[in-house]
Every structure is written in structure tokens, then in C-alpha cells.
Amino acid sequence: MKPLSWIGPLNAENGYGQATIGYLCGLLKAGIDLRIFNSDPKRICPDIIAEINDKSVKEGTDPKSDTMVFHMDANVLVQFSDILIQNRSRGIKNVSYMTFETDSVPSHWARILNDMDVIIVPSEANKLAFAKGRVNMNKIRVLPHIVSPISISKEKINIPNKKSFSFVSIFDFTPKKGWMDLLTAYWREFRAAEDISLILKIFPSKYGYNEKAYEIITKRLLDHKKGLGLMDIPLAIYLKPFYSSGQMESLWDNSQVFVLPTRGEGFGLTIAEAALHKKPIIATDYSGHIDYLPEGSFYPIKSNWQIMDDVEMALTGGMHYINQNMRYCDTEDLRKKMRQAYEDFKNNKIKQDEMVNKAYNSVLEKCNEKIVADKLIEILELNKEPTKSGKKRLIY
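Predicted model, so just to flag it, every value in this text is computed and none were measured. (Residues numbered from 1 in each chain as written. Predicted model: local features only at pLDDT ≥ 70, side-chain atom pairs only at ≥ 80, totals over all residues. Heavy atoms only, no water.)

> What am I meant to see in the sheet that holds strand 6 (residues 140-142) here?
Pairing between the strands of a sheet is mediated by backbone hydrogen bonds and can be parallel or antiparallel. With parallel pairing, the six strands of this open sheet are ordered in space as 2-1-3-4-5-6. The open sheet is flanked by strand 2 (34-38) and strand 6, the only strands paired with a single partner. With strand direction ignored, the average angle separating the axes of adjacent strands in the sheet is 20 degrees. As paired elements, strand 4 (residues 93-97) and strand 5 (residues 118-121) share three bridges and run parallel to each other. Its bridge partner being in strand 5, tyrosine 97 is matched across the sheet by isoleucine 120. Strands in contact with helix 4 (residues 81-90) are strand 3 (67-71) and strand 4; relative to strand 3, the strand with the most contacts, it is inclined by about 160 degrees. Sheet strands touched by helix 6 (residues 124-132): strand 5 and strand 6. Its angle to strand 6, the strand with the most contacts, is close to 165 degrees. (Pairing = 2+ DSSP bridges. Helix = DSSP H or I, 4+ residues; strand = E, 2+ residues; numbered from the N terminus. Axes fitted to C-alpha atoms, helices over the stretch in contact; angles between N-to-C directions. Contact = heavy atoms within 4.5 Å.)

Structure, rendered in C-alpha cells:
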């Protein structure tokens, strides 16, 4: 059996990179012979190097494979057109893994995707979006991310002025995460005298991981606060983006309820992580996370489809987001759900714990490493036999 080639980002700065790392680790543990090509050599996650036990990172592709997975969106995939054509002429299976957060992929994506042998997406919502964009539904397979319980040594963190109850929201700084809706609902619902705070852990990936990005985002948050014209408002704490994995684990311990009024998720990794950390979840009532959050396992925020016409979205996410429909949350309903979660935490823990356990068990069942890796092996029609040497494979 020839090895499987996988081309994707080996960094943990975005969902694509985190998904790549999860799938590769699962395949390696299943004994799959891999050739891994980093599509972004300037960024690499040390964890994947440690997992594979090799420090050789090279560019290129491997013509010796029977199957080649391209883990990237169609705007990047088109850059590999020559390789896709060569693969087809050699009988090598071309597999695409990608995601998109609106109700339909851009129309021009269908041209390249319909030439792929298999298209993998992370949720049923994505499957519908790709099909609406005229991608051949018969080629689409749904595969969730791998989300496993984390056992990392916690690093102590200090969150100044944090109250005894804290909401936490973790997201990339982009309009599609609904951060303005979150702040509007929070500041309008709660008062300064209440023993409550909102912790914002924001990733400024489009602005760069530096102090300048922190200053830009701080100003945006303050401008939004000023624009609301509210006076008696509770505390919102924006944490600097430079947190280690151990510090992130401690952040979960310092919060009581997770909230994300997202406008669209391919999968919703932070939502799944909140479930595994046994945090009550407030999230939009429709998107990729619905696959693993059954009814009664979270506080759903009412939302509706609206056209995304935000210029910032085009600048940070790409022009292909303009004039696409995304789910916009009802801020009044978000207010109610935040108040309800807060009151349940204080006065109705039995009910809330039942919700938390339902979400936790669902994620464990649907997103655990072995189940997802086995499903991926089935989709790719791979032989599960371990390599003869028993050694882990090099990254190329």
C-alpha cells in the first residue's frame, strides 16, 4: 500500500491548522503510512513535530502516493492545479478537505471542487452550503474535527478585577464571530453593581501576534463601547493574545459559562472545547456545532440569515465573503440567554449540569480521535495495517 500524502497547514493559529494536526495524529496512531507536506512553511506547530518525532520539514509533493489530501480552501487549492492534473493522469486520488461558514460556497469554487474525487467537510451545515454552491453532493463526505480531552499542565494566570462569575468568549477577531453583538447584549443586560464579568480571549491572526494588534483591537472594543452610549455597564476584560496551552487550560478554570454568538462555523472548535471543559454553552442556534450539540445541551441564540456586507469581513476574511448570507443573532435573545445561564448557574445547577453533561458526552462520542480517524480511513479507503518498521513517518 502506497503512503497517504497530506498537504495542509501545520500550525495551531487557525481552524485549518488545528484540524490538520488532529487528523494527522489520529491517522498516525491508527498506523497509517503518511507523507505530510506543510502548506505554510513559515508557521509550524511544535506539537505536531513532537507527535511525529521528526524535525525535517521540506517543500514539495509525493508522486508515490495513491491518495493526496489537500486541506485548504478553494482559493488556495487552485494554486495546486498543475499537481491535481498530474495526479489524475497518474491515477492518484485527489481529495479536498475544506470548510466555509456562509449558506453557500462562492460560485467559482464548484469548478475546481467538482474535479476532485472526494470532498470532505466538517459538518452537515457545510454539506448543505457546498451543495447550494453547485458542488456535486455525491462527492461530499462529512467528517467532524478530532476533539479530545486535554491533559496539559496548567500554568497559573492572573486576571485582574475578575468577578466571582465570568462569561468567557474565545474567538478570532473578525465580524463573523459576532463580537459586537456579544458586547452589546452583555453591556445592555447587566449592570456594574452585579458580581459578573466577561472575559474576551481574542486571537488577532489577521492583524499579527504583536503589541500593535493588541492596541488596535483594544481601540475597536472601546469605540464600540462609546458608540453604545451606555454608562452603568459591567466589566469586560480583554486578555492579551499571547497565551500558552497551559495558560489556556487555566483560563477555562477561571470562567463559568462560554458564550459565542457566531455568524457561522464550519465546525466550531472552541464550542466543542467548551463542552469538553464542561462549561455551559451559549451559542447561535444554527451552524456547524449543531452536529454535536443536541437539543437541550446548550442555550441556543435565535438567529436569521442576513447578507454579509461588512467591508472589514472582506479585508480580514476575503472578498468571497461579500454578499454571502450568514447567521445574525438576535441581540435581545442573546441578552435573555446570558441572563438565563447566569441565573441557572446560581439557582438551578441541577438543570445546567444536565445540559453540560449532555454536551460533554455528545462531543466525546462524535469527535473522539479513534472514531473520527476510523471514519477518515473509511472515507479515503485506506489500509489500516501499521508500517513494517513501526516507525512514525517523516514530514516532507
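> I tried to follow the pattern of salt bridges on my own but got confused; where do I start?
A side chain with one charge can pair with a side chain of the opposite charge if their charged atoms come near. Applying the stated rule across the entire model yields 19 salt bridges. Two residues, glutamate 381 and lysine 93, come together in a salt bridge whose shortest N-O distance is 3.1 Å. With glutamate 381 in the segment after helix 14 (369-380) and lysine 93 in strand 4, the pair connects residues that are 288 residues apart, well separated along the chain. Where salt bridges share partners, they join Glu189, Glu194, Glu332, Arg335, Arg339 and Glu343 into one cluster. (Salt bridge = Lys/Arg side-chain N within 4 Å of Asp/Glu carboxyl O.)

> Would you explain the packing of aromatic side chains in this entry?
We describe a pair of aromatic rings using the distance from one ring centre to the other and the angle between the two ring planes. With the rule as written, the count across this model stands at 16 aromatic pairs. Aromatic pair phenylalanine 70 and phenylalanine 80: ring centres 5.7 Å apart, planes at 65 degrees, arrangement edge-to-face. With phenylalanine 70 in strand 3 and phenylalanine 80 in the loop between helix 3 (74-77) and helix 4, this pair connects stretches of sequence that are 10 residues apart. The class for phenylalanine 80 is buried, based on a relative accessible area of 17%. Both rings, one in tyrosine 186 and one in phenylalanine 190, keep their centres 5.8 Å apart while their planes meet at 45 degrees; by these two values the pair is tilted. Accessibility expressed as a relative area gives 0% for tyrosine 186, which makes it buried. (Phe/Tyr/Trp six-rings, centres within 6.5 Å; stacked < 30°, edge-to-face > 60°. Buried < 20%, exposed > 50% of the residue type's maximum accessible area, 1.4 Å probe, protein only.)

> Would you mind showing me how to read the packing of helix 1 (residues 15-29) against helix 14 here?
Packed helix pairs are specified by the crossing angle of their axes together with the interaxial distance, meaning the distance between the axes. It is the contact of helix 1 with helix 14, at a shortest axis distance of 9 Å, that shows an interaxial angle of 85 degrees. Compared by their axis directions, helix 1 and helix 14 come out roughly perpendicular. Here Tyr23, Cys25, Gly26, Leu27 and Lys29 of helix 1 come into contact with helix 14, specifically with Glu369, Val372, Ala373, Leu376 and Ile377. Here the contact of helix 1 with helix 14 is composed, by residue class, of seven nonpolar, one polar and two charged. (Parallel < 35°, antiparallel > 145°, perpendicular 65-115°, else oblique. Nonpolar A, V, L, I, M, F, W, Y, C, P; charged D, E, K, R; others polar.)

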